[in-house]
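In case you want the letters, here they are:
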Amino acid sequence: MIQERVNLVGRVIRTALPAEAAAVAALHARARATYYPDGIPQDGTDWLAAWRGAIERPDGHVLCAVEDGRITGIASFRTAEGAPADTVKLFQFHVDPDHWRAGIGTRLHAACVEEWQADGKRTATLDVHVDNRRAQAFYTRLGWVPDPENPPSEGDHHLYLRYAVAGE
């Protein structure tokens, strides 16, 4: 597992720690608020507990981008229940809106791909909210394509994308 990746300007990509669940949940809320024009739907999810569970889950990974001691990006992934062992699902991927267009998402995505390669994954999947055009453009630039096994259906609020994880 990637424990730490450092470059020369105080940027680190590493595994998130359980003690950081509140900071991760807060970043998640700030990022999600940008693509819900009427406010984030309140579905009763306890996002702090959900993030704590994702961070502590033994079969999952939560990576965080840290700049000058502050979490600026997060990615959560694992093999979904019932999916082939060589497939990984990117469940959450967010960059703090105050840090958009600084390369954080690209570096975080590269760290995810490196982890997937090390874990022998061949395919990655995700779903992205239909109103999140920024994220859709980001994923397209990185090589994600519509998932032919999950075409959008009438009234669906998500698009399903697929990524071919290249071998080393």
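Everything that follows concerns the structure shown earlier in this document.
Below is a summary of the structure that appears in this document. (Residues numbered from 1 in each chain as written. Predicted model: local features only at pLDDT ≥ 70, side-chain atom pairs only at ≥ 80, totals over all residues. Heavy atoms only, no water.)

So, the environment of D119
Piece 1. Counting through the fold element by element, D119 comes out in the loop between helix 3 (104–118) and strand 6 (123–129).
Piece 2. Accessibility expressed as a relative area gives 36% for D119, which makes it partly exposed.
Piece 3. Taking the C-alpha atoms as reference, D119 lies 9.6 Å from V88; in sequence the two are 31 residues apart.
Piece 4. Here H61 takes part through its side chain, which lies 3.5 Å from a polar atom of the side chain of D119. (Helix = DSSP H or I, 4+ residues; strand = E, 2+ residues; numbered from the N terminus. Buried < 20%, exposed > 50% of the residue type's maximum accessible area, 1.4 Å probe, protein only. Polar contact = N/O pair within 3.5 Å; in protein donor to acceptor, adjacent residues only side chain to side chain.)

So, the environment of R101
Piece 1. Tracing the sequence through the fold places R101 in the loop between strand 5 (87–95) and helix 3.
Piece 2. Leave out the neighbours within four places in its chain, and R101 touches R134 and R141. (Contact = heavy atoms within 4.5 Å.)

Section: the pattern of salt bridges
Piece 1. Within the structure shown, the criterion is met by 10 salt bridges.
Piece 2. Two residues, R57 and E81, come together in a salt bridge whose shortest N-O distance is 3.6 Å. One end of the pair, R57, is in the loop between helix 2 (47–56) and strand 3 (60–67); the other, E81, is in the loop between strand 4 (70–78) and strand 5, and 24 residues separate them in sequence.
Piece 3. Judged by its relative accessible area of 67%, E81 falls in the exposed class.
Piece 4. Residue D96 is joined to R70 by a salt bridge in which the shortest nitrogen-to-oxygen separation is 2.9 Å. Taken together, the positions of D96 in the loop between strand 5 and helix 3 and R70 in strand 4 put the pair 26 residues apart, joining distant regions of the chain. (Salt bridge = Lys/Arg side-chain N within 4 Å of Asp/Glu carboxyl O.)

Regarding unusual backbone geometry
Piece 1. Even without being a glycine, D68 presents a positive backbone phi close to 50°.
Piece 2. For D68, the position within the fold is in the loop between strand 3 and strand 4.
Piece 3. With phi around 65°, R101 is a residue other than glycine that occupies positive phi space.
Piece 4. You can call R101 exposed: its relative accessible area is 70%.

Observations concerning the pairing of strand 5
Piece 1. Along strand 5, 7 of the 9 residues are buried, which leaves the element largely enclosed by surrounding structure.
Piece 2. As paired elements, strand 4 and strand 5 share 6 bridges and run antiparallel to each other. Bridging from a neighbouring strand, F77 pairs with L90 of strand 5.
Piece 3. Across 3 bridges, the pairing between strand 5 and strand 6 is parallel. Residue K89 lies in a different strand from strand 6, and its bridge partner there is T125.
Piece 4. As for the winding sense of the linkage, the β-α-β connection from strand 5 through helix 3 to strand 6 is right-handed. (Pairing = 2+ DSSP bridges. Right-handed = clockwise from strand over helix to strand, strands pointing away.)

Notes on the packing of aromatic side chains
Piece 1. Under the counting rule described, the total for this entry stands at 8 aromatic pairs.
Piece 2. Through successive ring pairs, a cluster of aromatic residues spans F77, F93, W116, F138, Y139, W144 and Y163. (Phe/Tyr/Trp six-rings, centres within 6.5 Å; stacked < 30°, edge-to-face > 60°.)

Focus on the layout of surface pockets
Piece 1. Taken as a whole, the largest pocket holds about 790 Å³ of empty space.
Piece 2. Forming the walls of the largest pocket are 33 residues, and the residues nearest its centre are F93, H94, N132, A135 and Y139.
Piece 3. Going through the elements one at a time, helix 1 (21–33), strand 5, helix 3, strand 6 and helix 4 (133–141) are the ones with two or more residues in the lining of the largest pocket.
Piece 4. Sorting elements by how many residues they give to the lining of the largest pocket places strand 5 first, with 7 residues.
Piece 5. Among the residues forming the lining of the largest pocket, the class breakdown is 16 nonpolar, 11 polar and 6 charged. (1 Å grid on protein atoms, 1.4 Å probe; cavity = no way out; pocket = protein on both sides within 12 Å on 5 of 7 lines; lining within 4 Å. Points joined across faces, edges and corners; volume = space filled by probe spheres on them. Nonpolar A, V, L, I, M, F, W, Y, C, P; charged D, E, K, R; others polar.)

Some thoughts on the nonpolar core
Piece 1. Membership of the largest hydrophobic core comes to 25 residues, with the highest contact counts inside it found for L90, F93, W116, Y139 and W144.
Piece 2. Among the secondary structure elements, those contributing two or more residues to this core are strand 3, strand 4, strand 5, helix 3, strand 6, helix 4 and strand 8 (158–164).
Piece 3. Counting residues per element, this core draws most heavily on helix 3, which supplies 6 residues.
Piece 4. Setting aside anything within four residues of it in sequence, one finds L90 in contact with A75, S76, F77, W116, T125, L126, Y139 and W144.
Piece 5. Ranked by size, the runner-up nonpolar core spans 14 residues in total, among them A21, A25, L27 and I71. (Core = buried A, V, L, I, M, F, W, Y, C linked by side-chain atoms within 4.5 Å.)

Just distances and angles here, no functional claims.
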